[in-house]
Amino acid sequence: MYNFIPYFISTDKSESNMKLLVTGGLGFIGSNFIIKLLKEKNDFEITNVDAELPGSDKRNLGEIQNSEKYKFVKGSITNKRLMEELISKCDTVINFAAESFVDRSINDADPFLVSNIRGAFTILDITTKQHKRMVQISTDEVFGSLASTSATEDSKLNPSSPYAATKAAAELLINSYSVTYGSDVVTTRCTNNYGPRQFAEKLIPKTIILANQNQKIPIYGNGSNIRDWIYVDDHCDAILLALLKGKSGEYYNISANNEIDNLTVVKKILEIMNKPQDLIELVEDRPGHDLRYSMNSTKISKGLGWKKNTNFNEGLNKTVEWYLQNPEIWKDIPSKILDTTPWKT
Ligand SMILES: NC(=O)c1ccc[n+]([C@@H]2O[C@H](COP(=O)([O-])OP(=O)(O)OC[C@H]3O[C@@H](n4cnc5c(N)ncnc54)[C@H](O)[C@@H]3O)[C@@H](O)[C@H]2O)c1
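Residues numbered from 1 in each chain as written. Predicted model: local features only at pLDDT ≥ 70, side-chain atom pairs only at ≥ 80, totals over all residues. Heavy atoms only, no water.

(A) Structural detail: the overall build of the protein chain. Broken down by element type, the protein chain carries 11 helices and 13 strands. For a compact globule of 345 residues, the expected C-alpha radius of gyration is about 20 Å, and the protein chain comes in at 19 Å, within 12% of that figure. A principal-axis box enclosing the C-alpha atoms of the protein chain has dimensions of 60 × 45 × 40 Å. Buried residues in the protein chain amount to 57% of all 345 residues. Contacts spanning at least 24 positions in sequence make up 84% of the contacts within the protein chain whose residues lie at least 6 apart. A total accessible area of about 14,800 Å² is found for the protein chain, and carbon and sulfur atoms account for 48% of it. Each charge class in the protein chain was averaged separately, 41 positive and 43 negative side chains, and the resulting centres sit 2 Å apart. (Helix = DSSP H or I, 4+ residues; strand = E, 2+ residues; numbered from the N terminus. Rg over C-alpha atoms; globule rule 2.2 N^0.38 Å. Buried < 20%, exposed > 50% of the residue type's maximum accessible area, 1.4 Å probe, protein only. Contact = heavy atoms within 4.5 Å. Areas by Shrake-Rupley, 256 points an atom, 1.4 Å probe, with all protein chains shown as cover. Lys, Arg positive; Asp, Glu negative; His and termini not counted. Charge placed at Lys NZ, Arg CZ, Asp CG, Glu CD.)

Following this line, the structure appears as structure tokens:
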């Protein structure tokens, strides 16, 4: 037994008290998922393992940190001995942990290979050997840019960025384990999330923070890149369904049918915040910038009964409000995080 393993974890697995190992739960989506489960459901005990890398913030989980149903372990998903121990004490692993910022992957892809491939593989191998379920949180970016069509679960993987390539690599390993060992893995792929607790480096929080300080808001190229924005809570609902009802070896695309270009997104935020549109500054585009992502999510809607509940205007208003009400999360953020062209720096 390692001394960093919390003593509370037992191997009791009654269905009414499911033990989840969430990885990367100090980040954006993982923290929203944990809070949702602990606040809205009574059936889960959650251990969160996170290496406290870029994107993480312990304050994201401040409101539930004293819950009896929650424990935190600092550690990396690449640490095989730690993960063997933690997985042996849970029923299911939900793997959110990843290096997640495309711009940083252009600057230095190495940490992305470590967390997103080696880390995912470590969990896959251990869950397979221990006969546990793994839910892998993947992305629409594995399909690359699509001019007009929407990717289905069977579309060709065609990643453009080093980040997307590492997520696709994890998917290929998962596929090989499903075929070879019949591993109990469910993979979800989601479009661009927005909502509370997203790290300041990403487009929507960055825009809100800079606009609040009346600073210029950089937009790559001419702002015509299209993403299908989904409110994080809707993504978390889909993950829970995949965890409880998803079929082993299957993939589920999660999209919001809300394709909008970056310029329009930023203009909407400025409107909500009553800030002038001339804060917008078009800047040099990042290399390999995919023009459009799009997926079809009929499979999860029809098969598992998922639907989105939050429209974009409502979600964006809630998001702006959250950042304005929680300035302590972002007010001391180093200026390089809000840089105009982070992929260069
Ligand atoms: N944000 C999106 O729009 C989006 C869309 C689709 C899929 N995803 C996927 O969802 C997951 C979560 O994304 P996010 O936006 O919350 O990312 P995030 O960057 O906000 O959080 C990632 C978390 O993972 C942790 N982490 C990274 N490497 C680790 C390691 N080796 N061991 C333990 N912890 C580690 C970080 O410390 C951080 O807390 C990622 O797998 C990402 O690929 C994100």
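(B) Region of interest: the packing of aromatic side chains. Counted according to the given criterion, the structure contains 8 aromatic pairs. Between phenylalanine 112 and tyrosine 163 the ring centres are 6.4 Å apart and the planes differ by 80°, which places this aromatic pair in the edge-to-face class. Of this pair, phenylalanine 112 sits in helix α4 (residues 110-129) while tyrosine 163 sits in helix α5 (residues 162-181), placing them 51 residues apart in sequence. There is no split in this pair, since phenylalanine 112 and tyrosine 163 are both buried. The rings of Tyr194, Trp229, Tyr231 and Phe312 are connected pair by pair, giving a single aromatic cluster. For lysine 299, the ring lying beneath its charged end belongs to tyrosine 252, and the centroid distance is 4.8 Å. (Phe/Tyr/Trp six-rings, centres within 6.5 Å; stacked < 30°, edge-to-face > 60°. Lys NZ or Arg CZ within 6 Å of the ring centre and 35° of its normal.)

(C) Molecular detail of helix α10 (residues 312-325). With 14 residues, α10 should cover 20 Å at 1.5 Å per step; its first-to-last C-alpha distance of 20 Å lies within 8% of that length. Listed in full, the buried residues belonging to α10 are Phe312, Gly315, Leu316, Thr319, Val320, Trp322 and Tyr323. Around the axis of α10, the buried residues are gathered within 160° of arc, so they sit on the same side. In this fold, the buried residues of α10 make contact with β7 (193-194), α6 (203-212), β10 (230-231), β12 (259-261), α8 (262-272) and α11 (327-330). N-capping of α10 is provided by asparagine 311, with a side-chain oxygen placed 3.2 Å from the backbone N of asparagine 313. (Expected span 1.5 Å × (residues − 1). Arc of directions from axis to C-beta. Polar contact = N/O pair within 3.5 Å; in protein donor to acceptor, adjacent residues only side chain to side chain.)

(D) Geometry of the site of the ligand. Within the structure, the ligand sits among 28 residues, and Ile29, Asp50, Ser100, Tyr163 and Lys167 are positioned closest to it. Residue phenylalanine 28 places a main-chain N or O atom 3.0 Å away from an oxygen atom belonging to the ligand. In this structure, a nitrogen atom belonging to the ligand sits 3.2 Å away from a side-chain N or O atom of serine 76. Contact with the protein chains removes 96% of the 830 Å² of surface that the ligand exposes when unbound. (Near = heavy atom within 4 Å.)

(E) Representation of the packing of α8 against α10 in the model. Relative orientation of the contacting elements α8 and α10 amounts to 60°, with a least axis distance of 10 Å. When the axis of α8 is compared with that of α10, the two are oblique. Pair α8 / α10 crosses with right-handed handedness. Mapping the contact onto sequence places Val265, Lys268, Ile269 and Ile272 in α8 and Phe312, Asn313, Leu316, Asn317 and Val320 in α10. Classifying every residue of the contact of α8 with α10 gives 6 nonpolar, 2 polar and 1 charged. (Axes fitted to C-alpha atoms, helices over the stretch in contact; angles between N-to-C directions. Parallel < 35°, antiparallel > 145°, perpendicular 65-115°, else oblique. Left-handed = near helix turned anticlockwise from the far one by under 90°. Nonpolar A, V, L, I, M, F, W, Y, C, P; charged D, E, K, R; others polar.)

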